[in-house]
Amino acid sequence: SLLQETYSVISGQELMMELLSDTIIVLASQVVFFMVGWIFFVKMLFKDYELHHSLVQLIFCINFTLSLTMFELIIFEIVDFLDIGSRYFHWYFAIYSMLFMVIVLTPFYIIYFILSSSHLVSVGMRKPLTLIIWCAYFYLFWKLGDPFPILSPKHGVLSIEQGISRVGVIGVTIMALLSGFGAVNYPYSSMTMFMRSVTVMDVQTIERKLLQTMEMITAKKKKIVLAEREQREKARGRGEEGGTWWGKMRSVAPSAVTENIPLLKADVQALEELSRHLFLEAHDLQNVRERIDWSRTCQGKYFNILGHFFTIYCVWKIFISTINIVFDRVGKVDPITKTFDILVNWFGFNIDVAMWSQQFSFIVVGIIVF
């Protein structure tokens with residue numbers, strides 16, 4: 001019995017050491033994922049903007065890290081890396097953390113940020129109103145899963161299945177919407193036939209108009225400053241000469257400069273609005289010019305060909321889906337799987353068609369979405 005107790009203690013210590021070493025590996029990878037997400041957020045997503053809310057960047061990096069952690073654990077499961085117990089522990093921890101971020105924290109902060117950006121909500125009412133709106137959202141989110149066939153005595157209210165099923169259905173719906181948007185937006189943004197003709201002269205003309213408008217704004221603001229300073233000097237002079245006959249005559253006489261100040265401010269406001277529109281138009285034309293220059297590169301030509309391919313693919317999917325709905329048919333094989341099967345049989349490759357065709361279908365959907 002003493003040997004058994006000693007062996008159980010040693011085994012427990014070995015399991016703890018193995019769990020600790022596996023945890024260090026996972027944490028190190030999460031630090032790398034967090035840094036990559038931070039750099040991606042700063043250099044790619046917000047490279048042309050100034051971020052005033054660091055919590056937004058932190059929430060994004062945490063979600064990014066947890067997503068890559070789950071993907072990493074799937075790869076570890078396939079290649080049988082790390083201990084199976086530690087893999088399950090980190091898998092459950094990552095899923096619960098992701099559900100908390102997706103269902104609780106991220107929607108709560110989005111609601112709070114929207115209310116904070118609104119001038120109709122006072123500062124003292126932001127947090128209570130955010131909590132009320134979030135409770136209403138969570139109620140609708142939970143009631144959304146009532147028709148799902150997920151209710152089971154084995155699954156409690158706070159089980160993973162309850163949250164994953166609802167997030168999965170909403171996620172698949174959003175992926176379908178993004179696929180539809182990508183199928184329409186991708187050809188429009190990458191194919192040369194949808195690019196309008198913009199010359200360097202067009203960009204220079206808008207930039208010249210913008211510079212002229214800014215010069216007019218500067219000149220009128222200078223006039224306003226001079227007029228206000230002259231008005232203050234006259235008011236000071238009236239105070240000093242208020243008791244004299246000349247001071248009374250100057251106080252009665254109208255001031256042409258004072259009457260022009262409201263008109264000058266109105267002109268400045270109109271010119272600033274015009275400058276904003278000219279700036280947006282110049283920025284849009286410059287982006288079109290960059291897209292035209294990019295379309296002449298090898299990458300642009302490749303994406304142009306890819307845009308034609310996905311246009312034909314999406315039109316075929318719409319056509320065949322309509323035929324299946326009208327004639328009550330069930331589509332068994334998608335075009336990617338059919339094409340892959342034909343190529344494999346033609347070249348005589350000995351590979352798993354079902355598995356690889358599914359992976360290619362996922363890749364195609366990802367390309368359409370992104």
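See the structure printed just above.
This text gives an overview of the structure that appears in the document. No experiment lies behind these values; they were computed from the predicted model shown. (Residues numbered from 1 in each chain as written. Predicted model: local features only at pLDDT ≥ 70, side-chain atom pairs only at ≥ 80, totals over all residues. Heavy atoms only, no water.)

1. Re the overall build of the protein chain
The cut-off we apply is this: Secondary structure follows DSSP: runs of H or I at least 4 residues long count as helices, runs of E at least 2 residues long count as strands, and numbering of each begins at the N terminus. A 1.4 Å probe rolled over the protein chains alone gives each residue an accessible area, and that area as a share of the maximum for its type sets the label: buried under 20%, exposed over 50%, partly exposed in between. By the convention used here, residues are in contact when the closest approach between their heavy atoms is within 4.5 Å. Note on areas: Shrake-Rupley, 1.4 Å probe, and residue coverage restricted to the protein chains presented here.
For the protein chain, the count of helices and strands is 11 helices and 0 strands. For the protein chain, the α and β elements follow one another from N to C terminus as α-α-α-α-α-α-α-α-α-α-α. Looking at the protein chain as a whole, 26% of its 370 residues qualify as buried. A separation threshold of at least 6 residues defines the contact pool for the protein chain, and within that pool the share at least 24 residues apart is 67%. Counting every atom, the protein chain has about 26500 Å² of accessible surface; 70% of that belongs to carbon and sulfur.

2. Points about the environment of Asn287
With respect to the helices, strands and loops of the structure, Asn287 is situated in helix H8 (residues 256–295). On a C-alpha basis, the gap between Asn287 and Val198 in space is 10.0 Å, while along the polypeptide they are 89 residues apart.

3. Details of the nonpolar core
As a reminder, the rule being used: As used here, the term nonpolar core means buried Ala, Val, Leu, Ile, Met, Phe, Trp, Tyr and Cys residues forming a set that is joined through side-chain atoms within 4.5 Å.
If you look at the biggest cluster of nonpolar residues, it comprises 12 residues: Ile59, Leu66, Met70, Ala94, Ile95, Met98, Leu99, Met101, Ile103, Tyr109, Phe141 and Ile160. Of all elements in the fold, only helix H2 (54–79) and helix H3 (84–117) reach the threshold of two or more residues within this core. The contacts of Met101, once residues within four sequence positions are left out, are Ile59, Ile62, Asn63, Leu66, Thr106 and Pro107. Counting residues in each nonpolar core, the second largest holds 8 residues, with Met195, Ala282, Leu285 and Val288 among its members.

4. Remarks on a nonpolar patch on the surface
Our working definition: A patch consists of residues whose relative accessible area exceeds 30% and which take part in no salt bridge; residues with like charges are grouped when within 9 Å of each other, and nonpolar side chains (Val, Leu, Ile, Met, Phe, Trp, Tyr) when within 5 Å. Any Lys or Arg side-chain nitrogen located within 4 Å of an Asp or Glu carboxyl oxygen qualifies as a salt bridge.
A grouping of Leu343, Trp346, Phe347, Phe349, Ile351, Met355, Trp356, Phe360 and Ile363 is seen on the molecular surface, where their side chains present a nonpolar patch of about 980 Å² in accessible area. Elements with a contribution of two residues or more to the nonpolar patch: helix H10 (335–347) and helix H11 (353–369). With 4 residues, H11 is the largest single contributor of residues to the nonpolar patch. Structurally, the position occupied by Ile363 is in helix H11.

5. A word on helix H4 (residues 126–143)
Basically, it comes down to this: The span one expects for a helix is its residue count, reduced by one, times 1.5 Å. Here the arc refers to the directions that run from the helix axis out to each C-beta atom.
The first and last C-alpha atoms of H4 sit 26 Å apart over 18 residues, in line with the 26 Å expected at 1.5 Å per residue. Restricting attention to buried positions, one finds in H4 the residues Arg126, Thr130, Trp134 and Phe141. Considered in projection along H4, the buried side chains sweep an arc of 55° and stay on one side of the axis. Seen from the buried face of H4, the exposed residues on the opposite side, beyond 90 degrees, are Ile132, Tyr139 and Leu140. Looking at the buried positions of H4, the neighbouring elements they touch are H3 and helix H5 (160–190).

By themselves, these figures tell us nothing about what the structure is for.
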